[in-house]
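# Observations on chain architecture
Here's the letter readout for the chains.
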Amino acid sequence: MTLDEPGWHCGAMTIHNSSIRSICVYCGSRPGRDPAYIAAGRALGRAIAANGLRLVYGGGTKGIMGAVAAGVLAEGGHVTGIIPEFLVDMEATRHSLGQLNELIVTADMHERKHKMFERADAFVTLPGGIGTLEEIVEIMTWAQLGRHEKPMVFANVCGFWKPMLDLITHMREEGFVHTGHKVQPLVIDDIEAVVPAIMDRWNELGWLKGDEEVIARL
Ligand SMILES: Nc1ncnc2c1ncn2[C@@H]1O[C@H](COP(=O)(O)O)[C@@H](O)[C@H]1O
């Protein structure tokens, strides 16, 4: 990235201009039991591309991860996959990775997660397992600590995230979610409503910031 591009790096701070450019999707590397999960992944991918946004994701080409990337590519969109070398043969095939627009192979999981964070303007979580959970929880903790204000969405396909959302509510009620106003993920049941909601939230943040900057510090 150069200083001429819309988003640029300044020391430990990343500053994005007023138009949202990319969405990071966290989701299962497996398809899950309900075919609705794969369908939602593909529909979200299509919606990301149809709105002129780029997908940033973990590079896997199987399960829901593969469905999201396939949806973006089917709509002519841009996909950046970020995957650690040791996972390439587990979560992808070398051939399918060749179809992504951009592939970043990292040394380890930490580098992967950091690059995904840096390159994304917003985060969506589809159904998934332990890895998916870890990723969105980390993004919420960084929001709680004031390290970013990027929109976060639980795509609540068939109510998948209800147990997690109930737990967060319980934590709030018991007084454990400090600076709670900084952790306000959107919860959206209808997959078609996810991208418009993110764009609305992004615009609200831009307005609050007085026009141009949504800031992330790590
Ligand atoms: N500990 C982890 N931190 C970040 N990402 C992880 C971790 N463990 C697995 N992952 C990745 O998350 C996605 C989805 O995993 P699921 O367990 O299928 O939800 C996958 O790329 C994992 O490599």
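What counts as what
Residues numbered from 1 in each chain as written. Predicted model: local features only at pLDDT ≥ 70, side-chain atom pairs only at ≥ 80, totals over all residues. Heavy atoms only, no water. UniProt positions renumbered as here; feature names shortened; annotations may be inferred. Near = heavy atom within 4 Å. Polar contact = N/O pair within 3.5 Å; in protein donor to acceptor, adjacent residues only side chain to side chain. Areas by Shrake-Rupley, 256 points an atom, 1.4 Å probe, with all protein chains shown as cover. Helix = DSSP H or I, 4+ residues; strand = E, 2+ residues; numbered from the N terminus. Pairing = 2+ DSSP bridges. Right-handed = clockwise from strand over helix to strand, strands pointing away.

An unreviewed UniProt entry annotates the protein as Cytokinin riboside 5'-monophosphate phosphoribohydrolase of Rhizobium paknamense. The annotation that UniProt attaches to the protein under Sequence similarities (unreviewed entry) is "Belongs to the LOG family."

### Thoughts on the site of the ligand
For the ligand, the set of nearby residues contains 16 residues, the closest of which are Ser29, Glu91, Gly129, Thr132 and Glu134. The separation between an oxygen atom of the ligand and a polar side-chain atom of Thr132 is 2.6 Å. Protein contact buries 79% of the 480 Å² of open area that the ligand shows by itself. Secondary-structure elements contributing two or more residues to the shell around the ligand are α5 (109–119) and α6 (130–144).

### Things to note about the pairing of strand β4 (residues 54–57)
Bridge count between strand β3 (residues 22–26) and β4: four bridges; the pairing is parallel. When the bridges of β4 are listed, Ile23 appears paired with Leu55. Handedness of the crossover joining β3 and β4 through helix α1 (residues 35–50) is recorded here as right-handed. In the sheet, β4 pairs with strand β5 (residues 79–84) via three bridges, with the strands oriented parallel. Bridge pairing in β5 links Tyr57 to Gly81. For the crossover from β4 across helix α2 (residues 63–74) to β5, the handedness is right-handed.

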